[in-house]
Amino acid sequence: MTWLLPRLLQALGAALLGFLIGAELRVATGFEGLSLGAGVVAGVGLLLLLDAVRGHRLLSWLRGNQQDSAPRDSGLWGELGYRVERAMRDRDRAVARGRLELEQFLSAIEASPNGVLMLDAQEHILWCNRAAADHFALDPKRDLQQRITNLVRAPAFVAYLQAGRFAEPLVLGNGRGPGTLSIIVREYGEGQRLVLSLDITERLRSEAMRRDFVANVSHEIRTPLTVLSGFIETLHTLPLTAVERDRVLVLMSQQTQRMQTLVADLLTLAQLEGSPRPAPDRWVALDSLLLRIAADAEALSAGRHTLRLKPLTGVELAGIESELLSAVANLVTNAVRYTPDGREVEVAWRLLEDGSGELTVIDTGPGIAREHLPRLTERFYRVDGSRSRETGGTGLGLSIVKHVMQRHGGELMIQSEVGKGSRFRLLFPAARVRQASDSALGDEAAFSNAALSDH
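Since this is a predicted model, take the numbers as computed values, not measurements. For every chain, the first residue of its written sequence is number 1, and the numbers climb from 1 along that sequence. This being a predicted model, a pLDDT of at least 70 is required before a residue's local features are given, and a value of 80 or more before pairs of side-chain atoms are given or counted; all residues contribute to the totals for chains, interfaces and linings. Heavy atoms throughout the structure, all of them, feed into the side-chain values; hydrogens and water do not.

Time to look at the pairing of strand β5 (residues 192-199). By the bridge criterion, 5 bridges tie strand β1 (residues 115-119) to β5 in an arrangement that is antiparallel. When the sheet's bridge partners are listed, Val-116 is paired in β5 with Leu-196. Sheet analysis places strand β4 (residues 180-188) next to β5, joined by 8 bridges and oriented antiparallel. Bridge pairing links Tyr-188 to Gln-192 in β5. Pairing between strands is defined by DSSP: at least two bridges between the two strands are required. We count a stretch as a helix when DSSP gives it H or I for four or more residues in a row; a strand needs E for two or more, and each element gets its number in order from the N terminus. Between β4 and the antiparallel strand that follows it, β5, lie 3 residues; Gly-189 among them carries a positive phi value of about 60 degrees.

Structure representation (C-alpha cells):
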C-alpha cells in the first residue's frame, strides 16, 4: 500500500490547486459559486489528465513486445506497472522452464529403442520418435497431423485401432522390411492414444532357436537311446552266439560313445557361452598345438589321405589352450572325415600385414553348396544329416569353433565350392599374435622331431 499516501497527497494537491484557481476566478469575475465550481473542475481535470498520461504509457508498454522495462512512475501507476512486469517475467520463466522440460522429455523418448507414437482423438499423428518412424515407415516431420490409418494400412493394425480393445498387444510385420513388431496402445487425455511399438524379431528368433535346440537335442539323444534299448531287449530275450553278442556290444558301445560325444560338445558350448573372454596375457605355442592335432588326424585318417598338417609357424597365440585346440581340431577332423580317400587335407598359416594371423584348414572334399554356408555354424545344422551321423559328427563342431573365435576376438570365415573342396579360415587379431621366443622355438623343434620319429 505504499502508493496510497502519494495518491492522497496528489488529491489534496489537486483540491488546493482548484481552490486557488477558484479564488482567482472569484476575484476576477465576482461570481463566487461559479468560480469555486470551475476551480474544482480544473483541479480534478488536472489529476485525471496526469492519470491518463501515466495509464497511456502503461498501456503502450503492454501493447508492445514488453522487451523493455515497464514505465517507472511513482504511486499507483508505478506499483501497477512493476507488478504486471514481474508477473509477466515469472510467466515467461515458467514457460521457458516448461518448454525445456518438454524438450528433455521428448529427447529421452527419442533415445528410447522402443517406438512412441502420439495420436489425437481423430487418430492424427501429433508426434513420433525415430524408432516409431522406422517401425511404421513414417516421416517424423512430413507426416505430422496425418491420419495414421492413411499411412499404416495393414488390415490387422487398422482393425486393432478401430476395435478399441487394447488389453493384448498386436503382433505385426515391420513396415520397412523383414521383422516383427509388438504394438501396445494406451488411451490418455480426452480420446488421445499412445502407440508403443517394440521390435521383437530377435526375441522370436531366439525363441525359435531355443525350440529347435531342444528338439534337436531330444532327437540326437533319442536315436542312440532307441538303439541301446533295442539291443538290451535283444540281449535279454534272445539267445545269441558269441559272435552275435560281440557285434551287439560293439554297436552299443558306438551309440554310447555317440551320446558321450554329444554331451561333451554341449557342455563345451555351455562353458564357452557362460565364461568371460580369455585374457590376452596367456600365450600358447601354435606349432605344438598343430603337432598334437596332426597326430590325432593321422590316427583318424589311418593312411587314407595325404595330410599336410605341420606348418612351422613360429608364432604364439594369446588365449586358452584347450579352447584353441578344440577349435582347430574340430576343423581338421571334419576335413579328414568328409574328404574322400586318396585326397588331400592341408593346414596353412599366414601372417598378415597388419600383424593379425590366419590359420586355414583346406580340404579337397565334395564341397558345400552356397545356400548352406550362412547356416553352417548353427547348432545341429547339417548339410547332409545322414552322412554326418555316419562320420560320427554331432552337428555342434562349427558352432564351437565360432564361439571360440568370438571369445578370442577373431572370426571364422568359410569358403566352399561344390566338387572342389572347402577352406575354413580362422582370423586372429594382431593383439593375440606374436613371434615365439628362441627358447620356445627350440623346445617346439625338439618336440616336432620326436613326433616325426614316432610316425
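Here the idea is plain: a probe the size of a water molecule rolls over the atoms and shows the empty space left. Buriedness of a pocket was judged along seven lines, with at least five required to meet protein on both sides within 12 Å; pockets are open sets of points on a 1 Å grid over the protein atoms alone, cavities are sets where a 1.4 Å probe fits but cannot get out, and lining residues have an atom within 4 Å of a point. Grid points are joined across faces, edges and corners, and a volume is the space filled by probe spheres set on the points. There is about 490 Å³ of room inside the second largest pocket. Around the second largest pocket sit 18 residues that line it, and Met-209, Asp-212, Phe-213, Glu-378 and Arg-379 are the ones nearest its centre. Of all the elements in the fold, those that place two or more residues in the lining of the second largest pocket are α7 (201-237) and α12 (397-407). In terms of residues, the lining of the second largest pocket owes the most to one element, α7, which gives 7 residues. Only Asp, Glu, Lys and Arg are considered charged, only Ala, Val, Leu, Ile, Met, Phe, Trp, Tyr, Cys and Pro nonpolar, and every remaining residue, Gly among them, polar. In terms of residue class, the lining of the second largest pocket is built from 4 nonpolar, 5 polar and 9 charged.

Time to look at the environment of Val-315. Here Val-315 is to be found in strand β8 (residues 315-318). The contact rule is simple, with two residues in contact once any of their heavy atoms fall within 4.5 Å. Once residues lying within four places of it in the same chain are set aside, the contact partners of Val-315 are Val-284, Ala-285, Leu-286, Trp-349, Arg-434, Gln-435 and Ala-436.

A separate point is the sheet that holds strand β6 (residues 283-285). Read across the sheet, 3 strands follow the order β6-β8-β13 without closing on themselves; strand pairing throughout is antiparallel. Among the strands making up the open sheet, the edge pair consists of β6 and β13 (433-435). Averaged over all adjacent pairs, the angle separating strand axes in this sheet is 35 degrees, with direction ignored. Strand direction decides the pairing type here: β6 and β8, joined by 3 bridges, are antiparallel. The partner of Val-284 across the bridge, within β8, is Leu-317. Set on the sheet, helix α9 (residues 286-301) makes contact with β6 and β8; between it and β6 the angle comes to about 50 degrees. Orientation is described by axes fitted as lines to C-alpha atoms, over the contacting stretch for helices, and by angles from 0 to 180 degrees between their N-to-C directions.

Right, let's talk about the sheet that holds strand β11 (residues 411-417) for a bit. Spatial ordering of the open sheet is given by β7-β9-β10-β12-β11, a layout of 5 strands whose pairing is mixed. In the strand order of this sheet, the two ends are held by β7 (306-308) and β11, each with one partner. The mean angle between the axes of side-by-side strands here comes to 15 degrees, regardless of whether they run parallel or antiparallel. Relative to strand β10 (residues 357-363), strand β9 (residues 344-351) is paired through 7 bridges, and the arrangement is antiparallel. Each bridged residue has a counterpart across the sheet, and for Ala-348 the counterpart in β10 is Thr-360. Strands in contact with α9 are β7, β9 and β10; relative to β7, the strand with the most contacts, it is inclined by about 170 degrees.

Another point: the pattern of salt bridges. Throughout this description, the term salt bridge denotes a Lys or Arg side-chain nitrogen within 4 Å of a carboxyl oxygen of Asp or Glu. All chains considered together, the criterion is met by 18 salt bridges. In this structure, Glu-123 and Arg-193 form a salt bridge, with 3.3 Å as the shortest nitrogen-oxygen distance. Of this pair, Glu-123 sits in the loop between β1 and β2 (125-128) while Arg-193 sits in strand β5, and the two are 70 residues apart along the sequence. No difference in accessibility class separates Glu-123 from Arg-193, as the two residues are buried. Between Glu-187 and Arg-193 there is a salt bridge, with its nearest N and O atoms 3.7 Å apart. Several salt bridges share partner residues, and in doing so they unite Glu-123, Arg-147, Glu-187 and Arg-193 into one network. Think of it in three bands: with a 1.4 Å probe and only protein chains considered, a residue is buried below 20% of the maximum accessible area for its type, exposed above 50%, and partly exposed in between.

A few words on the environment of Thr-333. Along the polypeptide, Thr-333 turns up in helix α10 (residues 321-338). As a C-alpha pair, Thr-333 and Leu-300 span 33 residues in sequence and 7.7 Å in three-dimensional space. Polar contacts, as used here, are pairs of N or O atoms within 3.5 Å; protein pairs need one atom able to donate a hydrogen and one able to accept it. Residues neighboring in sequence count only if both atoms are side-chain atoms. Of note is the side chain of Thr-333, whose polar atom sits 2.7 Å from the backbone oxygen of Ala-329.

Before going further, it helps to spend a moment on the confidence of the model for the protein. With 82% of its residues at a pLDDT of 70 or more, the protein shows a mean pLDDT of 80. Ignoring residues within four places in sequence, the model shows residues 439-455, a span with pLDDT below 50, making 12 contacts including any to other chains. The predictor attaches a confidence to each residue, and that confidence, scored 0 to 100, is pLDDT.

Let us now look at the pairing of β11. Residues Leu-412, Ile-414 and Ser-416 point to one face of β11 and are all buried, whereas Glu-411, Met-413, Gln-415 and Glu-417, pointing to the other face, are not buried. Relative to strand β12 (residues 421-428), β11 is paired through 7 bridges, and the arrangement is antiparallel. Counted as the bridge partner of Ile-414 is Phe-424 from β12. Between the end of β11 and the start of β12, which pair antiparallel, lie 3 residues, with Gly-419 showing a positive phi angle near 90 degrees.

Another aspect to go through is the side chain of Glu-323. Among the secondary structure elements, Glu-323 is positioned in helix α10. Beyond its immediate sequence surroundings of up to four residues, Glu-323 is in contact with Leu-272, Pro-278, Val-404, Arg-407 and His-408.

It is worth spelling out α12 at this point. Most of α12 is tucked away: 9 of the 11 residues are buried. Along α12, the positions that sit buried rather than exposed are Gly-397, Leu-398, Ser-399, Ile-400, Val-401, His-403, Val-404, Met-405 and Arg-407. Positioned one or two residues after α12, Gly-409 has a phi angle of 75 degrees, which is positive.

Another point: the packing of aromatic side chains. Between 30 and 60 degrees the pair is tilted, below 30 it is stacked and above 60 it is edge-to-face, where a pair is any two Phe, Tyr or Trp rings, Trp via its six-membered ring, whose centres lie within 6.5 Å. A full pass over the atoms with the stated rule returns 2 aromatic pairs. Measuring from ring centre to ring centre gives 5.3 Å for Tyr-160 and Phe-166, while their planes differ by 65 degrees; the resulting arrangement is edge-to-face. Looking at Tyr-160, the relative accessible area reads 9%, which means it is buried. On the basis of relative accessible area, Phe-166 is assigned to the buried category, the value being 10%.

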